[in-house]
Amino acid sequence: MKKFVSIKTKLITNTMITISLIFIVVLSVITLKDIRAVNKSIQKSEHNVRNSIIANGDTLANNNSMAMTGMAEDYAFTAIRDLVSSTVKEDADIVYGIYMDANYMPWAYATSENPSGTPLNNDPLTDEISQWAGSLKDHYHKIYTYDNEEVIEFAAPVRIDNEIAGFIRYGISTRSMHKALREALADGIRTRNTTIAILIFLGIISLLIRYLFIRHMADKITQPIESLVDSARKIAEGNYNIPVKSDSNDELGLLVSDVEKMRLAIKDLTDNLEAKVEGRTKQLQEATDKLAVANEEITELNKGLRAENLRLGAELDVARRLQQMVLPASEELDQIEGLEIVGFMEPADEVGGDYYDVLRHNGSTKISIGDVTGHGLESGVLMLMTQTAVRTLLLSGETDPVRFLGILNRVIYDNVQRTQIDKSLTLAMIDYKAGQVKLSGQHEEMIVVRKGGGIELVDTVDLGFPIGLDENIDRFVNETIISLGPGDGVVLYSDGITEAENTDKEFYGLQRLCHVISQKWDQSAEEIKQAVIDDVHRFIGTQERYDDLTLVVLKQR
């Protein structure tokens, strides 16, 4: 059992914790801001002081280089040493002063230990900083470490008639700068600590005042709640005869009102329990009887659904068989002279109405491709009607595209009206003879492929109208003629290929289809067809297909 903690204690504790956390956050923000301000001030001071040292050092080196021009020309060793020595003595931060000629021979070398400026030996200066100074063409400075402290060397060439005769060098220590920065940092830290101490003192005083105020408010808030708890305890012990009252007009008053309603309801339920149990039992029995009737209805419905599923399964199987029955055999396609032609159709899980056919008559070849709207047996029957009508018109000798598609449309339209099936189909037809292709009818864009893989697209929107949708389509039918040379060809397809989706709901698309065909066009028609189908399957992956895949490839030998 959990330890009892009063609302008053929780209210005081949670409020004080919240206020304390706010105080800590505010104090932390102020402290961080103050630290950043101190650091920024120190960095700015360091930057300004360093820049001042550099400016003064550059001026010193530059002025000395001009003053020593005449001394160097007259070989006035003593004057040069006096100038360098006096400069070092005047500024305690200058740790050394050097004048060396163009051959790195020191004429003057003044330090705090050697104030006269007389070099200790006549050996040329070979250290790294001397080599750097001797390479200068103009006054410059460099920061390095000298005797374990940071030093800025300022060097300038001394010229005689534009020829460099030597170099004046001064090394200035930054110890004074760092000392001043340390003192400034210490002052900033002292100021910050003082500020934090004042804030902490004021915060503690504020928390104490708030604690006393919150305790007073908690007493006023929890007193009515304690009274309500006492009444609720009596109700829990079975005493339903003592009314629950409160004078509050806020949420607490509403809670008391609800508890009073609960007390009256429990009292009424207790007084009339037996009658209520009997009534509830009767209601449960009636509900059980209704559930039994509903269960029988559901059982009958399931039987009907199973029968409907069997019917639909059989219908889809018949549609698949119809779809395969009308396809031309590969032996028929191999006998077409001058053309290499292959066809492919792969039904979807839900049978659609894709249709293609290749027929020969009187030395020409007629190739048809279509797509019936919807799925199922009705689509398969309409496809079979179309194949039969096309073959009949071809054998009758009809060649004019307007009359051919017009008659075909009227036959299909009359059958659709008679059978009352709400279906139509897109249908494109090409007549091939001696390198010439005549295209009519409305379907997907026809892909014309030139030898070498060049792609041309022929739009069929203005060449026809959906079959079976309107009684007369003669005014919509047109014909276009394309000439094919050796190695040229045509590719026909259904939207089951271009609108095939992958698992990311992306379409395969006409552009990707054209790319695969162009890349594989130097191969056989069978290899081109297989490359396209394999690429479509790779693109689809595990995604379920809802439309047939139909492809016809013809390539002039």
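Remember, predicted model here, so these are calculated numbers, not experimental data.

Scanning the protein from terminus to terminus reveals twelve helices and 15 strands. Residue pairs in contact within the protein that sit at least 24 positions apart in sequence constitute 65% of those at least 6 positions apart. Counting only carbon and sulfur atoms, one obtains 54% of the accessible surface of the protein, whose full area is about 32200 Å².

Attention shifts here to the packing of helix α11 (residues 510-520) against helix α12 (residues 525-540). Between α11 and α12, the least distance of the axes is 9 Å, while the angle of their chain directions is 140°. The orientation of α11 with respect to α12, classified from their angle, is oblique. Helix-helix and strand crossings are classified by hand; for α11 and α12 the assignment is right-handed. Listed contacts from α12 to Arg512, Leu513, Val516, Ile517 and Lys520 of α11 are Ile528, Ala531, Val532, Asp535 and Phe539.

Further remarks concern the pattern of salt bridges. Tallying each qualifying case throughout the model produces 13 salt bridges. Salt-bridge contacts for Lys366 lead to Asp431; the nearest nitrogen and oxygen are separated by 2.8 Å. A residue pair is termed long-range when its members are at least 10 positions apart, and Lys366 in strand β8 (residues 364-372) and Asp431 in strand β9 (residues 425-433) qualify at 65 residues. Of the residues examined, Lys366 reaches a relative accessible area of 5% and is grouped as buried.

With respect to burial, strand β1 (residues 94-101) is a largely interior element, eight of its eight residues being buried. Relative to strand β5 (residues 163-173), β1 runs antiparallel, the two being bridged by seven bridges. Residue pairing for β5: Met100 is matched across the bridge by Phe167. Two strands pair when backbone bridges link them, and β1 and strand β2 (residues 106-111) are joined in this way by five bridges, in the antiparallel orientation. Paired with Ile98 across the strands is Tyr109, a residue of β2.

Before going further, it helps to spend a moment on the packing of aromatic side chains. Overall, the coordinates contain seven aromatic pairs when judged by the stated rule. Ring centres 5.2 Å apart and planes at 55° place the aromatic pair Tyr96 and Tyr146 in the tilted group. Taken together, the positions of Tyr96 in strand β1 and Tyr146 in strand β3 (residues 140-146) put the pair 50 residues apart, joining distant regions of the chain. Classification of Tyr146 by relative accessible area gives partly exposed; the value is 22%. Ring plane angle 80° and centroid distance 5.4 Å describe the contact between Tyr508 and Phe539, whose orientation is recorded as edge-to-face. With a gap of 31 residues between them, Tyr508 in the loop between α10 (495-498) and α11 and Phe539 in helix α12 connect regions that are remote in the sequence. The residues Tyr508 and Phe539 share a single accessibility class, namely buried. Through a chain of ring-to-ring contacts, three or more aromatic side chains come together here, namely Tyr75, Phe77, Tyr99 and Trp107. The ring centre of Phe404 lies 4.3 Å from the NZ or CZ of Lys366, which sits over that ring.

Our next topic: a negative patch on the surface. A cluster of acidic side chains, namely Glu73, Asp74, Asp161 and Glu163, defines a negative patch on the protein surface. Relative to the elements of secondary structure, Glu73 occurs in helix α1 (residues 7-73).

Okay, the sheet that holds strand β4 (residues 149-160) next. Pairing is antiparallel in the open sheet, where five strands are placed in the order β2-β1-β5-β4-β3. For this open sheet the edge positions go to β2 and β3, each flanked by a neighbour on one side alone. Averaged over all neighbouring strand pairs, the angle between strand axes comes to 20°, with direction disregarded. When β3 meets β4, the two strands line up antiparallel, connected through seven bridges. Each residue of the ladder has a partner; that of Tyr146, found in β4, is Glu149.

Residues Ile198, Phe201, Leu202, Ile205 and Ile209 make up a contiguous nonpolar surface patch of about 510 Å² in total accessible area. Within the fold, Ile209 resides in helix α4 (residues 175-236).

Before going further, it helps to examine the packing of helix α8 (residues 377-395) against helix α9 (residues 401-419). For the pair α8 and α9, interaxial distance at closest approach is 10 Å and the crossing angle is 145°. Like other packed secondary-structure pairs, α8 and α9 cross with a definite hand, here right-handed. Across the interface between the two elements, Leu382, Met385, Thr386, Ala389, Val390, Leu393 and Leu394 from α8 touch Phe404, Ile407, Leu408, Val411, Ile412, Asn415 and Val416 from α9. Taken together, the residues of the contact of α8 with α9 sort by class into twelve nonpolar, two polar and no charged.

This part is about helix α2 (residues 77-90). An ideal rise of 1.5 Å per residue puts 20 Å on 14 residues; α2 measures up with 20 Å between its terminal C-alpha atoms. Buried residues of α2: Ile80, Val84, Ser85, Thr87 and Val88, and no others. Projected onto a plane normal to the axis of α2, the buried residues spread over an arc of 160° and lie on a single side. Exposed and oriented more than 90 degrees from the buried face of α2 are Thr78, Lys89 and Glu90.

Here the focus is the sheet that holds β9. The strands making up a sheet associate through backbone hydrogen bonding, with each pair oriented either parallel or antiparallel. Across the sheet, which stays open at both edges, the five strands sit in the order β7-β8-β9-β10-β13 with antiparallel pairing between neighbours. A strand with exactly one partner marks an edge of an open sheet, and here the two such strands are β7 (353-361) and β13 (479-483). Neighbour to neighbour, the strand axes of the sheet diverge by 15° on average, direction disregarded. α8 rests against β7, β8 and β9 of the sheet, and its axis sits at about 15° to β7. Strands in contact with α9 are β8, β9, β10 (436-442) and β13; relative to β9, the strand with the most contacts, it is inclined by about 145°.

What follows deals with the pairing of strand β11 (residues 446-449). Here β11 shows two buried faces, one formed by Met446 and Val448 and the other by Ile447 and Val449. Two elements, β11 and strand β12 (residues 455-458), share four bridges in a ladder whose sense is antiparallel. Across the sheet, the residue bridging to Val448 is Glu456, located in β12. The pairing of β11 with strand β14 (residues 489-493) spans three bridges and is antiparallel. Within β14, the residue paired with Val448 across the bridge is Val490.

Conventions we followed
- Residues numbered from 1 in each chain as written.
- Predicted model: local features only at pLDDT ≥ 70, side-chain atom pairs only at ≥ 80, totals over all residues.
- Heavy atoms only, no water.
- Helix = DSSP H or I, 4+ residues; strand = E, 2+ residues; numbered from the N terminus.
- Contact = heavy atoms within 4.5 Å.
- Areas by Shrake-Rupley, 256 points an atom, 1.4 Å probe, with all protein chains shown as cover.
- Axes fitted to C-alpha atoms, helices over the stretch in contact; angles between N-to-C directions.
- Parallel < 35°, antiparallel > 145°, perpendicular 65-115°, else oblique.
- Left-handed = near helix turned anticlockwise from the far one by under 90°.
- Salt bridge = Lys/Arg side-chain N within 4 Å of Asp/Glu carboxyl O.
- Buried < 20%, exposed > 50% of the residue type's maximum accessible area, 1.4 Å probe, protein only.
- Pairing = 2+ DSSP bridges.
- Phe/Tyr/Trp six-rings, centres within 6.5 Å; stacked < 30°, edge-to-face > 60°.
- Lys NZ or Arg CZ within 6 Å of the ring centre and 35° of its normal.
- Patch = residues over 30% accessible without salt bridge, like charges linked within 9 Å, V, L, I, M, F, W, Y side chains within 5 Å.
- Lys, Arg positive; Asp, Glu negative; His and termini not counted.
- Charge placed at Lys NZ, Arg CZ, Asp CG, Glu CD.
- Nonpolar A, V, L, I, M, F, W, Y, C, P; charged D, E, K, R; others polar.
- Expected span 1.5 Å × (residues − 1).
- Arc of directions from axis to C-beta.

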